[in-house]
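# Reading the structure
Letter by letter, the chains look like this.
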Number of protein chains: 4
Amino acid sequence: MYVRVDPADATPIYEQIARQIKFAVASGVLQPGELTPSVREMARQLAVNPNTVARAYRELQDEGILTAQRGVGLAVAEDAPERCRQDRERWVYERLKQVVDEALRAQITPRQLERMLRDLLRSLPQQENAP
Amino acid sequence: MYVRVDPADATPIYEQIARQIKFAVASGVLQPGELTPSVREMARQLAVNPNTVARAYRELQDEGILTAQRGVGLAVAEDAPERCRQDRERWVYERLKQVVDEALRAQITPRQLERMLRDLLRSLPQQENAP
Amino acid sequence: MYVRVDPADATPIYEQIARQIKFAVASGVLQPGELTPSVREMARQLAVNPNTVARAYRELQDEGILTAQRGVGLAVAEDAPERCRQDRERWVYERLKQVVDEALRAQITPRQLERMLRDLLRSLPQQENAP
Amino acid sequence: MYVRVDPADATPIYEQIARQIKFAVASGVLQPGELTPSVREMARQLAVNPNTVARAYRELQDEGILTAQRGVGLAVAEDAPERCRQDRERWVYERLKQVVDEALRAQITPRQLERMLRDLLRSLPQQENAP
DNA sequence: GTGGTCTAGACCACG
DNA sequence: GTGGTCTAGACCACC
């Protein structure tokens, strides 16, 4: 499954779900027109309350990523991939900016930041695309 | 002032205050032995509830960064700079790791991340040390 | 075709169908004795679940607008036009009342409402009767 | 109180609440900077579950009508009145358009519609502004 | 079967 | 005191 939740993470579960679905759409794992797992099904798999999943899905509907097929389920919108890719890039950029900004204000040098990034890219596992 | 709070930021205000004081100590803006502004004074300047400032100060005392001078106020501990520098580096590294990790899982490429960092280092204002 | 459904509209599809058939009868597009399209046919044309069409037809039967011709289909009842005209007027009136009521409670002035109606009557396409 | 809910109305309670608050802001009953009644307080007054009120408030935050004052409550945003007035006008116009459109398609004449509106404006109670 | 709404109540962080 | 999150479970309309 393309969604995992980390209960330890401080960010709300419903946000984790919504974001990961966006990322799945951005990377093509979820295609336009495809139905998401039903609220109950996803809730079961994640061992989470259905309301929590429903809230994630509602946010995605509000953003136009998912569209309701009444009585059928929620489908990925046609223009979703493009927007999810933009969201993804913007999201990463903003988060990175926050860190870098605060680091510079705390007198961490650009050189230190570059070294940290190199270290991280070497140590973190490379991910594989599953289209 | 070496402390600014951003009410829009989701991280608790008391945490923002505590971290920025640590960073001020790490970079030498606040010297060992120096007194911090009183709770009321800082609260007034930041337009923030005194309880919030008090909580930040309490945490810093618990960590031994600040030490109470009875009847006088709170002073920066002698060994604070060294520890704050370590804290600062660790904090930046952990935050950076979080971002990079999630970015890679979302199929952002290392190359993209390197480019983002370069962009940010070029665009963000350089800070000056005030020892 | 005298029936169109708008999936974006929040009102149930079966209700949209039933209402539009009533309106078609009221305006003479559907004549007494005339057969409606079969459930399957209408479902195909509207790209809608046959159950949904069936439900609309069932409601119209319950109201006596349509009458079953065994083995043939559903026909418009003899006295249907008169009743559909009444229904139509009542429906429009009630809906208009709801809007006007809520608008007045929200401090929209009668003058504004009159202007809105004039604008709408000028801009909306005039319909032609197809008896 | 400037919010009343009608359980008979098909529109969800949380939407009724959100809309009426918007209307209160639009008409000046709620001023920028003013705090809304707390979630619990409003829930008590309306005899409704706090979650339901919270959902209405959340929507208003998402739209930028309300802004959170952490630990204090939810305040009306500075630019809210202007936007609420626009929302209100647009909302009424869209609803009116729906009715008129469907009425014309059902062969109700413009003259009939104008008469209905006149009737309604004469019969419905005039509201008073409470700024 | 699907999602949507609402209730009830617990727990938490923040100020 | 404030709002926010999450759980549990009921009920409903729609397809």
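Structural notes, computed from the coordinates. In this numbering scheme, every chain counts its residues from 1 along its sequence in written order. Chains carry letters from A onward and ligands carry numbers from 1 onward, assigned in written order. Where local features are concerned, this predicted model is filtered to residues with pLDDT of at least 70; where side-chain atom pairs are given and counted, the filter is 80 or more; whole-chain, interface and lining totals use all residues. Note: side-chain values were computed over all heavy atoms of the structure, leaving out hydrogens and water.

## Quick word on the overall build of chain A
Short version of the rule: In this description a helix means any DSSP run of H or I spanning at least four residues, a strand means any run of E spanning at least two, and both kinds are numbered starting from the N terminus. Each accessible area is a Shrake-Rupley result for a 1.4 Å probe, and residues are judged covered by the shown protein chains and nothing else. For the purpose of charge, His is not counted, nor are the chain termini; Lys and Arg are scored as positive and Asp and Glu as negative. To locate a charge, take atom NZ for lysine, CZ for arginine, CG for aspartate or CD for glutamate.
In terms of regular secondary structure, chain A is built from five helices and two strands. In chain A, the order of α-helices and β-strands from amino to carboxyl end is α-α-α-β-β-α-α. Entry remark: accessible area of chain A is about 7100 Å², with carbon and sulfur atoms responsible for 47%. The averaged location of the 19 negative side-chain charges in chain A is 2 Å from the averaged location of its 19 positive side-chain charges.

## Considerations on the protein's contact with DNA strand F
As a reminder, the rule being used: One heavy atom suffices: a residue is near a molecule or strand as soon as one of its heavy atoms comes within 4 Å of it. Counted as a polar contact is a pair of N or O atoms within 3.5 Å, where, for protein atoms, one must be capable of donating a hydrogen and the other of accepting one, and residues adjacent in sequence contribute only when both atoms are in side chains. Here the term charged refers only to Asp, Glu, Lys and Arg, the term nonpolar to Ala, Val, Leu, Ile, Met, Phe, Trp, Tyr, Cys and Pro, and the term polar to all other amino acids, Gly among them.
Residues in close proximity to DNA strand F total 24 residues, the closest being Ile13(A), Tyr14(A), Asn51(A), Thr52(A) and Pro12(C). Restricting attention to atoms of DNA strand F within 4 Å of the protein, one finds that 68% of them are sugar or phosphate atoms. A distance of 2.6 Å separates a base nitrogen of DNA strand F from a polar side-chain atom of Asn51(A). Broken down by secondary-structure element, the contributors of at least two residues to the surface near DNA strand F are helix H1 (13–26) and helix H3 (50–62) of chain A, helix H1 (13–26) and helix H3 (50–62) of chain C together with helix H2 (39–46) and helix H3 (50–62) of chain D. The element best represented in the surface near DNA strand F is H3(A), accounting for three residues. For the surface near DNA strand F, the class distribution of residues is nine nonpolar, eleven polar and four charged.

## Description of the protein's contact with DNA strand E
For DNA strand E, the set of nearby residues contains 24 residues, the closest of which are Pro12(B), Ile13(D), Tyr14(D), Asn51(D) and Thr52(D). Sugar and phosphate atoms constitute 68% of the interface atoms of DNA strand E, taking the interface as everything within 4 Å of the protein. Residue Tyr14(B) places a side-chain N or O atom 3.0 Å away from a phosphate oxygen belonging to DNA strand E. Between DNA strand E and Asn49(D), the relevant distance is 3.0 Å, taken from a base nitrogen to a side-chain nitrogen or oxygen of the residue. Mapped by element, the contributors of at least two residues to the surface near DNA strand E are helix H2 (39–46) and H3 of chain A, helix H1 (13–26) and helix H3 (50–62) of chain B together with helix H1 (13–26) and H3 of chain D. In terms of residue count, H3(D) provides more of the surface near DNA strand E than any other element does, three residues in total. In terms of residue class, the surface near DNA strand E is made up of nine nonpolar, eleven polar and four charged.

## A few points about the relation of the copies chain D and chain C
Two chain copies here: they are related by a rotation about an axis and a translation along the same axis. Quick note on the threshold: Our superposition of the copies is a least-squares fit, built on the C-alpha atoms of residues whose pLDDT is at least 70 in both. Between two residues, a contact is recorded if the distance between any of their heavy atoms is within 4.5 Å.
Each copy of the sequence occupies a distinct position, and chain D is placed on chain C by a rotation of 176 degrees and an axial shift of 0.2 Å, giving an RMSD of 0.6 Å. Here the two chains are linked by the operation of a two-fold rotation axis. Residue Leu96(D) of chain D places its C-alpha closer to the rotation axis than any other residue of that unit, at 3.5 Å. The fraction of interface residues of chain D whose copies in chain C are also interface residues reaches 100%, indicating that both copies meet through the same surface.

## Brief notes about the packing of aromatic side chains
Cut-off, in case you're wondering: Think of it this way: a Phe, Tyr or Trp ring, Trp meaning its six-membered ring, pairs with another when their centres are within 6.5 Å, and the plane angle makes it stacked under 30 degrees, edge-to-face over 60, tilted otherwise. Exposed residues in this analysis have more than 50% of their type's maximum accessible area, buried residues have under 20%, and partly exposed residues fall in between, with area computed by a 1.4 Å probe over protein chains only. Definition used: whenever NZ (Lys) or CZ (Arg) falls within 6 Å of the ring centre and also within 35 degrees of the ring normal, the charge is taken to sit over that ring.
Scanning the entire structure with this criterion turns up four aromatic pairs over all chains. Geometrically, the ring pair formed by Phe23(B) and Trp91(B) is edge-to-face, given 5.6 Å between the ring centres and 70 degrees between the ring planes. On the criterion of sequence distance, the pair formed by Phe23(B) in helix H1 and Trp91(B) in helix H4 (residues 80–105) is long-range, its members being 68 residues apart. Since its relative accessible area comes to 7%, Phe23(B) is described here as buried. One cation-aromatic arrangement involves Arg55(A) over Tyr14(A); the distance from NZ or CZ to the ring centre is 3.8 Å.

## With respect to the interface of chain D and chain C
Basically, it comes down to this: As a working definition, buried area equals the accessible area (1.4 Å probe) given up by two parts on being put together, with both sides summed. Salt bridges are counted wherever a side-chain nitrogen of Lys or Arg sits within 4 Å of a carboxyl oxygen of Asp or Glu.
Tallying the contact residues gives 39 residues for chain D and 39 residues for chain C. Roughly 4200 Å² of surface becomes buried between chain D and chain C when both sides are summed, with 67% attributable to carbon and sulfur atoms. The salt bridge partner of Glu102(C) is Arg19(D), with a shortest N-O separation of 2.1 Å. Where chain D meets chain C, there are seven residue pairs in polar contact (both at pLDDT 80 or more). At the level of elements, H1, helix H4 (80–105) and helix H5 (110–123) of chain D are the ones that each hand at least two residues to the side of chain D that touches chain C. Considering every element that reaches the side of chain D that touches chain C, the biggest residue donor is H4(D), with 16 residues. Residue composition of the side of chain D that touches chain C, grouped by class: 19 nonpolar, eight polar and twelve charged.

## So, the side chain of Arg88(A)
Secondary-structure assignment places Arg88(A) in helix H4 (residues 80–105). Buried and without a salt bridge, Arg88(A) has Glu89(A) as its closest oppositely charged side chain, separated by 6.2 Å. Not counting residues up to four positions away in its chain, the partners in contact with Arg88(A) are Phe23(A), Ala26(A), Ser27(A), Ala106(B), Gln107(B) and Ile108(B).

## With respect to the packing of H4(A) against H4(B)
Which entries qualify depends on this criterion: All axes are obtained by fitting lines to C-alpha atoms, using only the stretch in contact for helices, and the reported angles, taken between N-to-C directions, cover 0 to 180 degrees. Convention used here: angles under 35 degrees read as roughly parallel, angles over 145 as roughly antiparallel, angles from 65 to 115 as roughly perpendicular, and any remaining angle as oblique.
Two numbers describe how H4(A) lies on H4(B): the axes approach to 10 Å, and their chain directions differ by 170 degrees. By the angle between their axes, H4(A) is roughly antiparallel relative to H4(B). Between H4(A) and H4(B), the residues in contact are Trp91(A), Val92(A), Arg95(A), Leu96(A), Gln98(A), Val99(A), Glu102(A) and Ala103(A) and Trp91(B), Val92(B), Arg95(B), Leu96(B), Gln98(B), Val99(B), Glu102(B) and Ala103(B), respectively.

## Points about the pairing of strand S1 (residues 66–69) of chain D
Residues and elements named next belong to chain D. Inclusion rule: We treat two strands as partners when DSSP finds at least two bridges between them.
Relative to strand S2 (residues 73–76), S1 runs antiparallel, the two being bridged by four bridges. Its bridge partner lying in S2, Thr67 is registered against Ala75. Between the antiparallel neighbours S1 and S2 lie three residues, among them Gly71 with a positive phi of about 75 degrees.

## As for the environment of Gly71(D)
All names here are of chain D. Note on placement: Gly71 falls in the loop between S1 and S2. By relative accessible area, which is 88% here, Gly71 ends up exposed. The spatial distance from the C-alpha of Gly71 to the C-alpha of Ala47 is 24 Å, given a sequence separation of 24 residues.

## A few points about the pattern of salt bridges
Counting across every chain of the model gives 32 salt bridges over all chains. Residues participating in the shared-partner salt-bridge network are Lys22(A), Glu63(A), Asp87(A) and Arg90(A).

## Brief notes about the side chain of Lys22(D)
Within the secondary structure layout, Lys22(D) lies in helix H1. Not counting the four nearest positions on each side in its chain, Lys22(D) is found in contact with Leu60(D), Glu63(D), Cys84(D) and Asp87(D).

## Digging into unusual backbone geometry
Residue and element names in this part refer to chain A. Phi at Ala47 is positive, roughly 55 degrees, even though this residue is not glycine. The topology assignment puts Ala47 in the loop between H2 and H3. Of the residues examined, Ala47 reaches a relative accessible area of 68% and is grouped as exposed.

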